[in-house]
Amino acid sequence: MPNWKLIAEARGIAVSAEEMERLTGVLDALEAAWAPLREMAPHETEPAIAYRLSRQEPRA
């Protein structure tokens, strides 16, 4: 699985350790879910994968 903390740092995204802990599980699950879809793309197609993080307020 990708090193999400390193990716965030490389993109200049400031994420606390607590936020990163919560995000890592979600991002790993998304990565695993999308992995089979990458195999369906023609090999000559360049990948265009972008992850966007946005803050959400906890629901009460």
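Since the structure is predicted, the reported quantities are computational estimates derived from the model, not experimental observations.

Draft legend 1. A nonpolar patch on the surface, seen in detail. Nonpolar side chains collect at one region of the surface, where V26, L30, W34, L37 and M40 lie side by side and expose about 500 Å² of accessible area between them. Structurally, L37 can be placed in helix 2 (residues 17-40).

Draft legend 2. View of the side chain of E31. Tracing the backbone through its elements, the reader meets E31 in helix 2. When sequence neighbours within four positions are dropped, the list of residues in contact with E31 reads M1, P2, W4, R38 and Y51.

Draft legend 3. Seen up close, the environment of A17. Positionally, A17 belongs in helix 2. Residue A17 is classed as exposed on the basis of its relative accessible area, which comes to 59%.

Conventions and cut-offs
- Residues numbered from 1 in each chain as written.
- Predicted model: local features only at pLDDT ≥ 70, side-chain atom pairs only at ≥ 80, totals over all residues.
- Heavy atoms only, no water.
- Patch = residues over 30% accessible without salt bridge, like charges linked within 9 Å, V, L, I, M, F, W, Y side chains within 5 Å.
- Areas by Shrake-Rupley, 256 points an atom, 1.4 Å probe, with all protein chains shown as cover.
- Salt bridge = Lys/Arg side-chain N within 4 Å of Asp/Glu carboxyl O.
- Helix = DSSP H or I, 4+ residues; strand = E, 2+ residues; numbered from the N terminus.
- Contact = heavy atoms within 4.5 Å.
- Buried < 20%, exposed > 50% of the residue type's maximum accessible area, 1.4 Å probe, protein only.

As far as function goes, none of this settles anything; it's purely spatial.
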